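# Chains, contacts and geometry: an overview
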Amino acid sequence: MLILLAFAASSAVAQISGTVSSDDGSVLPGVSILVKGTTNGTSTNADGQYQINAPSNSTLVFSFVGFMPQEVVVGNRSKIDVTMQSDAAALEEVVVVGYGAQKKSQTTGAISQISSKEITEMPITNLGQALQGRAAGVDVSQSGSKPGSAPRILIRGRRSFNAGNDPLYVVDGIPLADGYDDLNPNDIQSIEVLKDATATAIYGARGANGVILVTTKRGASKGKTTVSIDTYGGVSNAYSQLELFSGDEFAEYVREAYRATGLYKDANGNPVPTGVADAAADAKVAVLGGDPNVAAGIAAGRNTQYQDLILRTGTIQNHTVGVQGGNDRTSFYISGGFFQDRGITKLLDFTRNSLRANIDHSINKRIKVGVSSYMMYSIRNGENLNPYANTLNANPLGTPYNEDGSLIFEPTNDALLSNPLSEVEPGVNIDNTKSYRIFNSIYGEVKILDGLTYRLNLGPDISISRWGRFIGSRTNARRNGDAQAFNENRFGLNVTMENILNYNKTFGKHSLNLTGVQSIQKDNFESYRTEVQGIPAQTQSFHSFNSAQSVLGVRSNLIDWTINSFMGRVNYAFDDKYLLTVTMRRDGSSRFGENTKYGNFPGFAVGWNITNEPFMKSLTFLDLLKLRAGWGKVGNQGVAPYQTQGLLGRTTYAFGSTGAFGYRPNTIGNPDLRWESSANANIGLDFSVFRGRVQGSLELYETNTTDLLLSDFVPGSTGFDAVTRNVGHTRNKGVEFGVTTINVNSTNGFRWSTDLQFTRNKEEIVELYNGAVDDVGNRWFIGYPLNTYFDFKKEGIWQSDEADQAKAYGSEVGQIKIQDTDGDGRITAADRVIIGNDVPKWSGGITNRFSYKGLDLSFFLFGRFGNTILSGFHRNQLQLAGRYQQIKVDYWTPNNPTNEFPRPKSNQEFPVYNSSLFYYDGSFIKLRNVNFGYTFSPKISEKIGAESLRFYTSIQQPKIWSTYMSKYNGVDPEAAITTSATGTTEVTSGITPSKTVTTFGLNIKF
């Protein structure tokens, strides 16, 4: 009885009241108070006061945005006043910068940060997907859905024609020699994007296109060892397929093509009108009744859609196990990962195995050493195959199978079209790449004096790959000829060594940081390739070249380059109000001429923490208001090695009466070739209000790139066409805005937050070879972006009542009507106009996150607006000649006088002026990801011995809004990319369709 009375007394419910105030003495309205372990809660009123019923043995949890959570045991008290401490973590958050780190409140450059939470909240496969729509000024484009392919990343537009526009990737302090797609994204702790020259000047010649700093997870300095398991698996399907003609529609389209040329006539020689099918007329058309297989298909109403037979339901899985721990001297993080993407197209898949070990050890109070080692082995099948493209031209009236189920190699009599399914038969078509990579960051750090440290970084990056290709006899490429194969082996070694001195000192109101760096990076790349023909057995693939009948070719290559650098940086802050950063870097590159190997790249920035001024103290709602301004100059060494030298080319000549090989001058050397340089000015404003409920940044910038590396024409009398010189000038200017808001943070546990990113960039050419003069041949126009579309403009289709006018322009009814720009009554090159360009007028992303107790929901929208794309499908799958399968379009006939697409004609390979049909609005909005999860309570997690347990499901790309897709039968417009600044940005014909991925996953921590 006494025990029961004691228990009742200890759990008696009493009314608790009190006032909650901040550490500056002001009362706090809206503070959430919750009885720990229950759903019983309340919040403070406008005067900071609250009332709540709670047992005496319970604990009250006080939480409010911008303050540290606080727990108070009730006990026997009925009045509990609480003073909450400001959470300065957001302002004091450490941001990684080049060769060091700074408090967020003291940065002066334009830097975007993506945390591990944002990276892991959706199942991503590479670093690029983590950046898309989450960092203002960063443009990420994914082309198609080939497993193992990485998105293209641009920071603040393109600057260069030939020297490259890819950013520099730095992982744990060491620049990557090769792509970022080998990394396991589950190992990443944070990503910082350095965008302006004051931030990137520390990397000099390699920072012209921006710098992406990747910091991987490290061990804990104290506490127990934790084991984390992140795993997911799911299925993928094509988001949409290209809509082609059905069997009946194809037959009618072919008939119309022959009607247009007067060749579709009945048995009596009379023209057969549109919409009428005639067996005798069909029999005279080789593509229809003239082919017995097709004639049988017409009679049977056959509709073979080869897309359906090539595409499949793909699977995806990713598993990472990480172990993290340490003590006061040693910390470690070890992880192992397995990722596999079995594509939606047969023959295409990618598998990556990875192992990471990050170890830090303090030998004593002065000496610290560590290593970050990453090892990767991947297998990629089908990187250079595209079975899907083969399905788009195949006649839908043919049949792919014999009655016994075996494949028919030639379903129709068309000599150029074999069965697309023969391309995906086992062993017939092999494209296999095996890659091995070891990336290390090794360091030793010595504390010389108080505040003075010396650090040695050593970063060997080793990559080995083997690309094997086998093209069997029963493929469209060989068409029963001898099988071909080749094998290419690549070896890369990139070594970076850096000596870094760092001095930190705070005296009174002054804070000083000095950094000095000497760095050298050397790269060696070798490749060897052998090509053969006449492999006796298909099973030998590319593994038995000694048995081949003939050797088609043997080649090898060696590329060496070195960059030597010296850098100094000063960071100064006075009273945490006035900030100054000064940087100077000098780089020397072996890629440039004897007279211009070295370049100097300065940077200068100032900052003003306005909120730390005395006159701002009364504005208590304002947490941070910081104004930044900076200017800097960075270089671009992206020119291929040896371009400054005069190179030789192989040639043939007659040695007496015998042919012989020799060498002749092939290019003109230019010892004065120097760095491209980009001068960037940036003004930024960082802000945070209402204890961090609204925080973000605004950036205005302009980048001028001069001394462009371009091929300048020379007189033909020299024996050469061009020489690489420093000519030209481009400019990028724009605005970026990013904001994070906490919209709702209620006492019942419901929370809603939003991240918004907006980017607008204007890219333009300022000068070319001869100053501000257009180069029409290359589509380079002063005042326009680097990739501008210049072509004839379609006004419509010539209609029946315009026959005379069409004839005057050399055309006819049913064909494309072109705009007569100069009004001279004829269509000439002078009538071409600027159609558009591939630079969006603006782009942005928005992420909304909702949570309620254990439930969480997030969705991410991304969009790009105002850009023009070139559709390769409307070029290669729109011949309208009455032979091959086509995109289903609204074409002109006497019964359908449309203005969209011209009438098919059997006597032309393509419609006249068909290029006017290629250009479309590339704007789109994508629901990129929807993620729903549930975090189990600690009681349930403990039952399986876990510290935390979360289950989630995710759908990637469930919806795309695009007029190119909905109105013009296109595919995902994001697939429109270019591999170079001088190429067209187009949706490549036959590109693997984009996909929707549904996954289920677990996050477990022990």
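Everything numeric here is computed off the predicted structure, so don't read it as measured data.

Segmenting the protein chain into domains produces domain 1 (13-84), domain 2 (96-221) and domain 3 (247-302). Of note, the centres of domain 1 and domain 3, computed from C-alpha atoms alone, are 83 Å apart.

Ranked by size, the top nonpolar core spans 44 residues in total, and within it Leu242, Val254, Phe873 and Val987 carry the most contacts. Looking at this core, the elements with two or more residues in it are α6 (247-259) and β40 (816-818). With six residues, the single largest contributor to this core is α6. Residue contacts for Leu242: discarding those within four places in its chain leaves Gln307, Tyr388, Leu392, Phe873, Ile887, Asn969, Gly970 and Val971. Residues Met122, Val140, Val214 and Phe439 belong to the second largest nonpolar core, which totals 26 residues.

This brings us to empty space enclosed by the protein. Taken as a whole and judged by the stated rule, the model has eleven cavities of 30 Å³ or more. Approximately 520 Å³ is the volume found for the largest cavity. Taken together, 32 residues make up the lining of the largest cavity; nearest its centre are Thr125, Gln129, Gln142, Gln956 and Lys995. Those elements that place two or more of their residues in the lining of the largest cavity are α4 (127-131), β19 (330-342), β20 (349-362), β46 (924-935), β47 (948-961) and β49 (995-1005). Considered class by class, the residues forming the lining of the largest cavity number ten nonpolar, 13 polar and nine charged. Approximately 350 Å³ is the volume attributed to the second largest cavity.

Now for the environment of Val285. Note that Val285 resides in the loop between α7 (279-283) and α8 (292-300). Residue class for Val285 comes out buried when judged on its relative accessible area of 0%. C-alpha of Val285 to C-alpha of Thr953: the two residues are 668 residues apart in sequence and 54 Å apart in space. Setting aside chain neighbours within four positions, we find Val285 in contact with Val254, Tyr258, Tyr264 and Gly290.

Turning to the pairing of strand β25 (residues 510-533), a few remarks are in order. In this sheet, β25 lies alongside strand β24 (residues 484-507) in antiparallel orientation, the contact comprising 24 bridges. Residue Lys505 lies in a different strand from β25, and its bridge partner there is Leu512. Following β24, the chain reverses through two residues before pairing antiparallel with β25; Gly508 in that reversal takes a positive phi of roughly 65°. Summarising the sheet, β25 and strand β26 (residues 550-574) pair through 24 bridges and their orientation is antiparallel. Bridging from a neighbouring strand, Arg529 pairs with Arg555 of β26.

Overall, the coordinates contain 32 aromatic pairs when judged by the stated rule. Taking 6.3 Å as the distance between ring centres and 15° as the angle between the ring planes, the aromatic pair formed by Phe687 and Phe737 counts as stacked. Taken together, the residues Phe687 in strand β32 (residues 676-689) and Phe737 in strand β36 (residues 729-745) connect sequence positions 50 residues apart. Through successive ring pairs, a cluster of aromatic residues spans Phe245, Phe250, Tyr253 and Tyr891. Here the guanidinium or amino end of Arg455 rests over the ring plane of Tyr443, the centre of that ring lying 4.0 Å away. In this structure, Arg529 is placed above the aromatic ring of Phe486, and the distance from its NZ or CZ to the ring centre is 3.8 Å.

Strand pairing within a sheet occurs via backbone hydrogen bonds; the two strands may be parallel or antiparallel. The strand order across the open sheet built from three strands is β45-β44-β48, with neighbouring strands paired in mixed fashion. Unpaired on one side and paired on the other, β45 (919-921) and β48 (986-987) mark the two borders of the sheet. Across three bridges, strand β44 (residues 868-871) lies against β45 in antiparallel orientation. Each residue of the ladder has a partner; that of Leu870, found in β45, is Tyr919.

Bringing the sheet that holds strand β14 (residues 174-175) into the picture now. Taking strand neighbours across the sheet as the criterion, the five strands line up as β10-β15-β16-β13-β14 in an open arrangement whose pairing is mixed. Since the sheet does not close on itself, it has two edges, and those belong to β10 (111-115) and β14, each with one partner. With four bridges connecting them, strand β13 (residues 168-171) and strand β16 (residues 211-216) associate as parallel partners. By the bridge assignment, Tyr169 is partnered in β16 with Ile212.

With that settled, consider the side chain of Ser962. Mapped onto the secondary structure, Ser962 falls in the loop between β47 and α14 (963-966). Taking the relative accessible area as the measure of exposure, Ser962 reaches 10% and is therefore buried. Here Tyr964 takes part through its backbone nitrogen, which lies 3.2 Å from a polar atom of the side chain of Ser962. Contacts of Ser962, omitting those with residues within four sequence positions, involve Ser923, Phe924 and Pro973.

A few words now on α6. An ideal rise of 1.5 Å per residue puts 18 Å on 13 residues; α6 measures up with 18 Å between its terminal C-alpha atoms. In terms of residue burial, α6 counts as a mostly covered element, since eleven of its 13 residues are buried. Burial in α6 covers these residues: Gly247, Phe250, Ala251, Glu252, Tyr253, Val254, Arg255, Glu256, Ala257, Tyr258 and Arg259. Its buried side turned inward, α6 meets α7 and α8.

Mapped onto the elements of the fold, Lys368 is located in strand β21 (residues 367-381). Once the C-alpha coordinates of Lys368 and Thr330 are considered, the two residues, 38 residues apart in sequence, prove to be 9.6 Å apart. For Lys368, the residues in contact, after removing those within four places along its chain, are Asp360, His361, Ser362, Tyr443, Gly444 and Glu445.

Under the counting rule described, the total for this entry stands at 49 salt bridges. Glu736 serves as the salt-bridge partner of Arg156, at 2.7 Å between the closest nitrogen and oxygen. Of this pair, Arg156 sits in the loop between β12 (152-155) and β13 while Glu736 is found in strand β36, placing the two residues 580 residues apart along the sequence. We note that Arg156, like Glu736, is buried.

Overall, the predicted model of the protein chain reaches an average pLDDT of 87, with 97% of residues at or above 70. Here helix α1 (residues 2-10) stands out as the least confident element of the protein chain, with mean pLDDT 40; β40 is the most confident, with 95. In this model, residues 1-10 is a region of pLDDT below 50 whose contacts with residues beyond four sequence positions or in other chains number three contacts.

Together, Lys733, Arg760, Lys762 and Lys841 make up a positively charged patch on the protein surface. Considering the arrangement of structural elements, one finds Arg760 in strand β37 (residues 750-767). What makes Arg760 partly exposed here is its relative accessible area of 43%.

Quick notes on the rules
By convention here, each chain's residues receive numbers from 1 onward along its written sequence. Restriction of local features to residues with pLDDT of at least 70 applies here, the model being predicted, together with a cutoff of 80 or more for giving and counting side-chain atom pairs; totals for whole chains, interfaces and linings are based on all residues. By convention in this description, side-chain values take in all heavy atoms of the structure and omit both hydrogens and water. Annotation comment: domain bounds sourced from an automatic or database domain assignment. Nine residue types can take part in a nonpolar core, namely buried Ala, Val, Leu, Ile, Met, Phe, Trp, Tyr and Cys, and a core is a set of them joined through side-chain atoms within 4.5 Å. Remark: exposure states derive from per-residue accessible area (1.4 Å probe, protein chains only) relative to the maximum for the residue type, with buried under 20%, exposed over 50%, and partly exposed in between. Every helix listed is a DSSP run of H or I at least four residues long, and every strand listed is a run of E at least two residues long, numbered separately from the N terminus. Contact definition: two residues touch when any of their heavy atoms are within 4.5 Å. In the cavity and pocket records, a cavity denotes points on a 1 Å grid over the protein atoms alone where a 1.4 Å probe fits but cannot get out, a pocket denotes an open set with protein on both sides within 12 Å along at least 5 of 7 lines, and lining residues are residues with an atom within 4 Å of a point. Grid points are joined across faces, edges and corners, and a volume is the space filled by probe spheres set on the points. Note on residue classes: Ala, Val, Leu, Ile, Met, Phe, Trp, Tyr, Cys and Pro are nonpolar, Asp, Glu, Lys and Arg are charged, and everything else, Gly too, is polar. Only strands joined by at least two bridges in the DSSP assignment are considered to pair. Any two of the Phe, Tyr and Trp rings considered here, Trp counted by its six-membered ring, make a pair once their centres fall within 6.5 Å; the pair's planes then place it as stacked at under 30 degrees, edge-to-face at over 60, or tilted in between. Note on criteria: charge over ring means Lys NZ or Arg CZ within 6 Å of the ring centre, with the direction from the centre no more than 35 degrees off the ring normal. What qualifies as a polar contact is a pair of N or O atoms within 3.5 Å, subject to a donor-acceptor requirement within protein and to the restriction that residues adjacent in sequence count only when both atoms come from side chains. To estimate the expected span of a helix, subtract one from its residue number and multiply by 1.5 Å. Salt bridges, as used here, are contacts in which a Lys or Arg side-chain nitrogen is within 4 Å of a carboxyl oxygen on Asp or Glu. Per-residue confidence from the predictor is reported as pLDDT, a score between 0 and 100. A residue counts toward a patch only above 30% relative accessible area and without a salt bridge, and it is joined to like-charged neighbours within 9 Å or, for Val, Leu, Ile, Met, Phe, Trp and Tyr, to nonpolar neighbours within 5 Å. Only the protein chains shown count as cover for residues, with accessible areas throughout obtained via the Shrake-Rupley method and a probe of 1.4 Å. We treat Lys and Arg as the positive residues and Asp and Glu as the negative residues; His and chain ends play no part in the count. Positions of charges follow a simple convention, taking NZ of Lys, CZ of Arg, CG of Asp or CD of Glu.

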